[in-house]
There are 2 protein chains.
Amino acid sequence: MDHDKKDRLEGAGWRVGNAEDFLELSPEETAFVELKLALARFLRNVRVQQGWTQAQTAKRLGSSQSRFAKMEAADASVSVDLLVKSLLGLGATREQVGEVIARAA
Amino acid sequence: MDHDKKDRLEGAGWRVGNAEDFLELSPEETAFVELKLALARFLRNVRVQQGWTQAQTAKRLGSSQSRFAKMEAADASVSVDLLVKSLLGLGATREQVGEVIARAA
DNA sequence: TTCGACTATGTCGGATCGGACATATACTGC
DNA sequence: GCAGTATATGTCCGATCCGACATAGTCGAA
């Protein structure tokens, strides 16, 4: 978010921050959700890169469109296990998964 | 395993290989178990490095000695979620977790 | 605007996971 | 040997997860 928008929102009575501030997460909880978000974004990248729909990709993985949508949304009902297994199932390597976890915003 | 021992075993009718060969895992299944094993080893390293027992460490994490033993053993009943949460709970960073996943044998 | 393709969200039943307890095994000093 | 400490293994049941279905929302083309 740019400073202009942030200032406008805060001027209007909003507080602008991240999930940690808003939900008062502990540092390790924050790290965990960031890790999940990074994997979810990577999963979407992989799919879009290949020009696939959620339904196609889900079928490939033996899952459903709705669950795959939740994976990409890093829904609370989605485990890191599922994200990692899905990425590996789509051809990502262990090295790539690790890199994404280590370095993604 | 050294070649001598391998030869002796194979001479006696054993096949010597890795989990992938023995259980006939697919490449992504193999990558997944290796990833879990890497996290489990790292968890043990962190604990031993601090000079803690399993019981002490488990208590810190709000878990039990028996479950922590299974974490370190990468037991089938242990999820990657639990391993990652435990590592973060013991002070490991997201970057370290990613590195371990990407680079550990 | 209506249609069609794609994505998002809510829910449910069966499957898996996790803390806890009991118990077994391993190792060390006596 | 035995006792004490640490780790490993088996099991149970409540909690969470996952595929599936239904349905709602989004977007672009005709």
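What you are looking at is a predicted structure, and each value in this text was computed from that prediction instead of being measured. (Residues numbered from 1 in each chain as written. Chains lettered and ligands numbered in written order. Predicted model: local features only at pLDDT ≥ 70, side-chain atom pairs only at ≥ 80, totals over all residues. Heavy atoms only, no water.)

Caption draft 1: Structural context of the protein's contact with DNA strand D. If you check the shell around DNA strand D, you find 18 residues, and the closest are Ser66(A), Arg67(A), Ser77(A), Ser79(A) and Gln54(B). Within 4 Å of the protein, the contacting atoms of DNA strand D are 47% sugar and phosphate, with bases supplying the remainder. Between a phosphate oxygen of DNA strand D and a main-chain N or O atom of Ser77(A), the distance comes to 2.8 Å. Contacts to DNA strand D include Arg47(B), whose side-chain N or O atom sits 2.9 Å from a phosphate oxygen. Mapped by element, the contributors of at least two residues to the surface near DNA strand D are α5 (65-72) of chain A together with α3 (27-49) and α5 (65-72) of chain B. With 4 residues, α5(B) is the single largest residue contributor to the surface near DNA strand D. Among the residues forming the surface near DNA strand D, the class breakdown is 4 nonpolar, 9 polar and 5 charged. (Near = heavy atom within 4 Å. Polar contact = N/O pair within 3.5 Å; in protein donor to acceptor, adjacent residues only side chain to side chain. Helix = DSSP H or I, 4+ residues; strand = E, 2+ residues; numbered from the N terminus. Nonpolar A, V, L, I, M, F, W, Y, C, P; charged D, E, K, R; others polar.)

Caption draft 2: Region of the structure containing the interface of chain B and chain A. At the junction of the two partners, chain B supplies 22 residues and chain A supplies 22 residues. For the chain B and chain A pair, buried surface summed over both sides reaches about 2,000 Å², with 62% attributable to carbon and sulfur atoms. Summed over the three residues of chain B that lose the most area to chain A, namely Phe32(B), Asp81(B) and Arg94(B), the buried surface amounts to 33% of that side. Taken together, the connections running from chain B to chain A amount to 4 salt bridges. Our count for the chain B to chain A interface comes out at 9 residue pairs in polar contact (both at pLDDT 80 or more). Among the elements of the structure, α3, α6 (80-89) and α7 (94-103) of chain B are those that each provide at least two residues to the side of chain B that touches chain A. Among the residues forming the side of chain B that touches chain A, the class breakdown is 11 nonpolar, 3 polar and 8 charged. (Contact = heavy atoms within 4.5 Å. Buried area = accessible area lost by both parts, 1.4 Å probe. Salt bridge = Lys/Arg side-chain N within 4 Å of Asp/Glu carboxyl O.)

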